[in-house]
Amino acid sequence: MLRVINLKKLHHNAYRCIDSEDTRKFYEDFLGLPLLDAFEISETMTGTKTKALHTFYSLEDGSCLAFFEVMSSPLEYKRWHDFDLHIALEVEENILLKYYNKGKDNNIETRGVSDHGFIKSIYFRDPNGYVIELTSPVKNFKKKHKKKAKDILNEWTLSKNE
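This is a predicted model, so every value here is computed, not measured.

Conventions adopted
- Residues numbered from 1 in each chain as written.
- Predicted model: local features only at pLDDT ≥ 70, side-chain atom pairs only at ≥ 80, totals over all residues.
- Heavy atoms only, no water.
- Patch = residues over 30% accessible without salt bridge, like charges linked within 9 Å, V, L, I, M, F, W, Y side chains within 5 Å.
- Areas by Shrake-Rupley, 256 points an atom, 1.4 Å probe, with all protein chains shown as cover.
- Salt bridge = Lys/Arg side-chain N within 4 Å of Asp/Glu carboxyl O.
- Lys, Arg positive; Asp, Glu negative; His and termini not counted.
- Charge placed at Lys NZ, Arg CZ, Asp CG, Glu CD.
- Helix = DSSP H or I, 4+ residues; strand = E, 2+ residues; numbered from the N terminus.
- Buried < 20%, exposed > 50% of the residue type's maximum accessible area, 1.4 Å probe, protein only.
- Contact = heavy atoms within 4.5 Å.
- pLDDT = per-residue confidence, 0-100.
- Pairing = 2+ DSSP bridges.
- Axes fitted to C-alpha atoms, helices over the stretch in contact; angles between N-to-C directions.

Caption draft 1: Focus on a negative patch on the surface. Taken together, the side chains of Glu60, Asp61, Glu90 and Glu92 present a region of like negative charge at the surface. Here glutamate 92 shows up in the loop between β5 (86-90) and α2 (93-105). Glutamate 92 sits in the exposed class, given a relative accessible area of 56%.

Caption draft 2: Molecular detail of the side chain of threonine 55. Tracing the backbone through its elements, the reader meets threonine 55 in strand β3 (residues 49-58). For threonine 55, a relative accessible area of 4% translates into the label buried. Excluding its chain neighbours within four sequence positions, the residues that come into contact with threonine 55 are Leu35, Asp37, Ala38, Leu65, Ala66 and Phe67.

Caption draft 3: Spotlight on the confidence of the model for the protein chain. When the pLDDT values of the protein chain are averaged, the result is 91; 96% of them are 70 or greater. By mean pLDDT, the top-scoring element of the protein chain is helix α1 (residues 20-30) (98), and the lowest-scoring one is helix α3 (residues 149-160) (88).

Caption draft 4: Region of interest: the sheet that holds strand β8 (residues 131-137). On the basis of which strands lie adjacent, the open sheet formed by 4 strands has the order β5-β8-β7-β6 and mixed pairing. Strands at the two margins of the open sheet, each flanked by one partner only, are β5 and β6 (110-115). For this sheet, the mean inter-axis angle between neighbouring strands, taken without regard to orientation, is 20 degrees. By the bridge criterion, 7 bridges tie strand β7 (residues 119-125) to β8 in an arrangement that is antiparallel. Each bridged residue has a counterpart across the sheet, and for lysine 120 the counterpart in β8 is serine 136. With respect to the sheet, α1 is in contact with β5, β7 and β8, its orientation differing from that of β7 by roughly 145 degrees. Contacting β6, β7 and β8, α2 crosses the sheet at an angle of about 25 degrees to β7.

Structure, rendered in structure tokens:
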């Protein structure tokens, strides 16, 4: 079956933040993602008055990570579990250890290096509680299983009903 995909690429993912400046320090100063844009929102599309700041941090491919700080409804820090929510960003393999050391040197919660077979990863926590994964693909990785993703998903779905 031929599918026509009209969705081109990820433009941005948006998340809430506790403090825009603390978030900027992590994403721009620590990770090196330039602050691309910021604007205040005083009214929602439904006409509700608000006071929010929307910030965008640029990735090399042109996509962005974006954040909302909402004054009328502050976000409370939550220690997210990796399975609940994490943001994975790709880097070259030689960069992983540099960031690992940089995280430790800056007293940022830092975990890794984890070898997942197809990627190697390190993990940080940003000031909002989100888990940030830096990952590097393993060269010459060969899949261990021959099953297709759809077959694996179907088997999983069926096993949940047993």
